[in-house]
Structure formats: C-alpha cells, structure tokens
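Here is how the chains run, residue by residue.
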Amino acid sequence: MKSGLYGFLFAMWVLIIIGGGIMVVLLGPFTIQQFGDFHWILASGIKVTVALVLVVIWILILSKLKNYIFKKELKF
Amino acid sequence: MIELIIPAIISCIIAFFVVYFSTPPLIKFLVKKNYTVKDMNKKENVMVARPGGISLILGIIVSEIILYGFFQLNEILAVIITTTAAFLIGYVDDRKVMGGWFKPVALAIAALPIIFLGAYDTDLAFPLFGDVQIPLLYLGLIIFMIPITGNTINSIDVLNGVASGFMVIASFTLSICLFILQNYEIAIVSLPLGFVSLAFYKYHKIPSKIFPGDSGALTFGAMYGVIAIIGGVEIIAAIALLPAVINSFLFLSSVKRVVEHRQIKGKPVEHTDDFKLKATNDKTAPVTLVRLILAAGPLTEKQVGFAIFKLAIFSGILAIITAFMMGVSL
C-alpha cells in the first residue's frame, strides 16, 4: 500500500511538471492583436479556458491512475 | 547579508516562544471554560482543549509585525491580514456549525488583500520550461489558492499532531526552496510559520493536550498559501503539500461534492478491540489518505501519523528537486 502511495505522489509530481510544460509552450507565446485595447482580455480569457481544460484532463488522468494503483484497496 | 540574518533570527525566536509559552495558559483557560472536545481515537473518555488557533495567530502576528519593522514590505501586510482573516473564519466555524460553502467563500474573500496590496507577480513559474504570464488567470488563482490550502490542511487535521507536524515539514521545505531560489526576504517571512508549527507540535503531538481547531488549521493553510503567492512558488508549494492534496482529492472524488466532514454518514475508519485504527468496508464512507494507509491492516494512531510524515518528507524532497529544476531551462 505504502509503495502505491509513494508511486501516486511521484505520478502527481510528473503530471505537474508535464502540465506546466504544456502551459508554458501552449499558453506562454499566445497573443491576440486584432481587437484593440481588449486584446489582452480576450487572450487571458482563452488562456483561462485552456488552463481549465488542462486541469480537467489532469484530474481525469489522476482518477484513472488512482483506480489503477489502488484497485485492490478501493474495493471498500 | 547581516541585515537579513538579524531579523530572521529575532522573528523565528519570537514566533517559537510566543506559541511555546502562550499555549499552556490557553489550554488551562479553554479547559476552565469547558471549551473541550472528545478525542475520538482514545479508549478512555479524554477531553482535549480547542481551539489552539489563538496561540498560533498570536505567534504569527507578533513575529510578522517585527519583520515589518525591518522590511516594510506589502507582502508582510498581506500575510498578516489574510492569515488573521482566515483565523477569524475558522474561529467562527469552531464556535458555530457553518454550512459546507461558508469556509471556501469566506476564505476567497480573505484572499482579496493580496490583490489590493499588489503583493503578487502575474508570472507563474514552472520547472524546466520557464514562466508563463497569465494576468487575468492569476487573479483567479489567488482567489482559489487560499481556500484550497486552508481546507487542504483542515482536511488532514484528523489525528493527534498530524496537522502541525505536517506543517513543520511543508513550511520548512517551502522556506528552503525560497532560499534556493534566492528569494531571501520572502524566505525569512515564511520562517515563522515553521517555528509556530514546531512550538505548537509540542502540545499537539500524541497524546494531544490541545487541538488547533478550524481556526488553527485555516491559519496554517492560509499563511502557507499567501507565502506561495508572494514568493512566486505556487507550483513548489503545491508539490510540498501533495499528501494533503491527495487526501482532499480522494475525499472529493469519492464523495463527488463539496461537503463538511461532519455531514458524511459513513465512517472511513473504525477501532479494533485494542483501539488500533482500521479501515472499514463501508461503501458509503469517503476514501481518505488515512483509510488508504490502513488498507494493509490496523495501525496505531502514532504509526499512521508517522506514515503521513514520511509521505510529507518524500513530497518535500520532490519540492526541493523542483526548486533546483527552476534554474534549469530546456
């Protein structure tokens, strides 16, 4: 059990690093120029949406991982 | 460098000894006023004083005011105001049973001084890949961060000494990471959190003489969250907190809604005849970190606490590795 928990912790850490990389690569250089003074609001809105999608994907992957690592214990 | 070392030493000593010396009279006062709760994990009918958040906030306020005398940083004001607000929110919850949404909403409001004081940077720093600028998203992150860290620490406050012991490990890890990143002033601002947790652990460790209560747990969590924001170490702070995050994640993914622990009917853990802790087979009970630790078999309360501390040390090592990785760019 304990090794499973350490494995789950390590997997979360790897997912955070990878998720951060995707955030920087995808969202970092993203800008919009066509909408005058509102361009930064639009760009931020799109960044928020993409970030939320990434968080949802992160949670879904974690749920699958949780079920895989703790499949024996989660028969409570 | 000497202008940093002296305030650091003074504030750490003050933080530690204010909590160390104010907690025993607080315990006497709370017992006298009958502000006690039953320790559910003891065979005998043991009543424990609560809330210990009063001595914690005292130690934090005094030490941070001393630091403000040296540095005059808006970041220190943000720490004092938001942490005090979180303490008051927890104190209300200690005295009166509030709804499940009270704490998250109130803590989101408590985060506003960080924005009004401008004590943040809109860049979110990631290891290996660098920074990403997210001005609007970052404001949302501030609003969400304090309720998350506050409630995450609160959710792990289930056994004698776990919340304060866990905070000792997580907050000193965060301070070490801030020193690695050469953010010396915020590292010094963060040190009192570790020292008040350490002093409080003396009275909170098994067998507890005092419980932090919601006021103490939210004080721990909110201050930790503010330091993460003002220090620009949000990702590192999240990694150091991973065992507690796992606990909240497991709880929420099994319950599937925001709910107070006391509203849950099913019991995740029960006692054996010799009063060890044992995971139940109750399908309606939430999955928690303690329940997973106990899945292999019954353990004493002390053994479960140490298992959580070992996980905290492991995630602390990952956080320190991450801090070193911040200096590396792909």
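Look above for the structure.
Calculation rules
- Residues numbered from 1 in each chain as written.
- Chains lettered and ligands numbered in written order.
- Predicted model: local features only at pLDDT ≥ 70, side-chain atom pairs only at ≥ 80, totals over all residues.
- Helix = DSSP H or I, 4+ residues; strand = E, 2+ residues; numbered from the N terminus.
- Contact = placed C-beta atoms within 7 Å.
- Axes fitted to C-alpha atoms, helices over the stretch in contact; angles between N-to-C directions.
- Parallel < 35°, antiparallel > 145°, perpendicular 65-115°, else oblique.
- Left-handed = near helix turned anticlockwise from the far one by under 90°.
- Nonpolar A, V, L, I, M, F, W, Y, C, P; charged D, E, K, R; others polar.
- Buried ≥ 20, exposed ≤ 12 C-beta atoms within 10 Å, placed from the backbone.
- Pairing = 2+ DSSP bridges.
- Core = buried A, V, L, I, M, F, W, Y, C linked by C-beta atoms within 7 Å.

Colleague: What's the story with the overall build of chain A in this structure? I'm lost.
Modeller: A tally of helices and strands in chain A yields two helices and zero strands. Excluding contacts between residues fewer than 6 apart, the proportion of contacts in chain A whose partners are at least 24 apart in sequence is 61%.

Colleague: Help me understand the packing of helix H2 (residues 53-71) of chain B against helix H3 (residues 74-95) of chain B in this model?
Modeller: Any two packed helices are characterised by how steeply their axes cross, that is the angle between the axes, and by the distance between the axes. All names here are of chain B. Running from N to C, H2 and H3 point in directions that differ by 170°, and their axes come no closer than 9 Å. Relative to H3, H2 is oriented roughly antiparallel. As H2 runs across H3, the sense of the crossing is left-handed. Facing Gly53, Ile57, Ile60, Ile61, Glu64, Leu67, Tyr68 and Phe71 of H2, the residues of H3 in contact are Ile76, Leu77, Val79, Ile80, Thr83, Thr84, Phe87, Gly90 and Tyr91. Of the residues that constitute the contact of H2 with H3, the class distribution is 12 nonpolar, four polar and one charged.

Colleague: What am I meant to see in the interface of chain B and chain A here?
Modeller: The accessible area lost on association of the parts is a frequent measure of interface size. The partner chain A presents 29 residues to the 34 residues of chain B that form the contact. Elements represented by at least two residues in the side of chain B that touches chain A include exactly strand E4 (130-133), helix H6 (135-156), helix H10 (234-240), helix H11 (242-255), helix H12 (289-293) and helix H13 (301-325) of chain B. The residue inventory of the side of chain B that touches chain A, partitioned by class, reads 27 nonpolar, five polar and two charged.

Colleague: What's the story with unusual backbone geometry in this structure? I'm lost.
Modeller: Among all residues save glycine, negative phi is the norm, and among peptide bonds the norm is trans. Residue and element names in this part refer to chain B. The step from arginine 50 to proline 51 runs through a cis peptide bond, and the omega angle for that step is 10°. Along the chain, proline 51 turns up in the loop between strand E2 (47-49) and H2. Across the junction of isoleucine 206 and proline 207, the peptide omega takes the value -5°, indicating a cis bond. Counting through the fold element by element, proline 207 comes out in the loop between helix H8 (184-204) and helix H9 (213-230). Positioned with a positive phi, glutamine 72 is a non-glycine residue whose angle comes to about 45°. Within the element layout of this structure, glutamine 72 appears in the loop between H2 and H3. Of note in this structure, glutamine 182 is not a glycine but carries a positive phi near 60°. As for its placement among the helices and strands, glutamine 182 is situated in the loop between helix H7 (162-180) and H8. Using a count of 8 C-beta atoms within 10 Å as the deciding quantity, one classes glutamine 182 as exposed.

Colleague: Teacher, can you tell me more about the pairing of strand E3 (residues 123-126) of chain B here?
Modeller: Within a regular strand, the side chains alternate between the two sheet faces. Residue and element names in this part refer to chain B. The alternating pattern of E3 places Leu124 and Phe126 on a buried face, while none of Asp123 and Ala125, on the opposite face, is buried. Where E3 lies against E4, four bridges are found, and the strand directions are antiparallel. Across the sheet, the residue bridging to alanine 125 is aspartate 131, located in E4. In this antiparallel pair of consecutive strands, E3 and E4, the connection spans three residues, and leucine 128 shows a positive phi of 70°.

Colleague: Please explain the nonpolar core as it appears in this structure.
Modeller: Across soluble globular proteins, nonpolar side chains have a tendency to be buried as a group. Residue and element names in this part refer to chain B. Among the nonpolar cores identified, the biggest contains 122 residues, and Phe166, Ile227 and Ile236 are the most heavily contacted of them. The leading source of residues in this core is H8, at 12 residues. Ignoring anything within four residues of it in the chain, the contact list for phenylalanine 166 reads Ile156, Ala244, Ile308, Phe309 and Ala312.

Nothing here speaks to function; it is all geometry.
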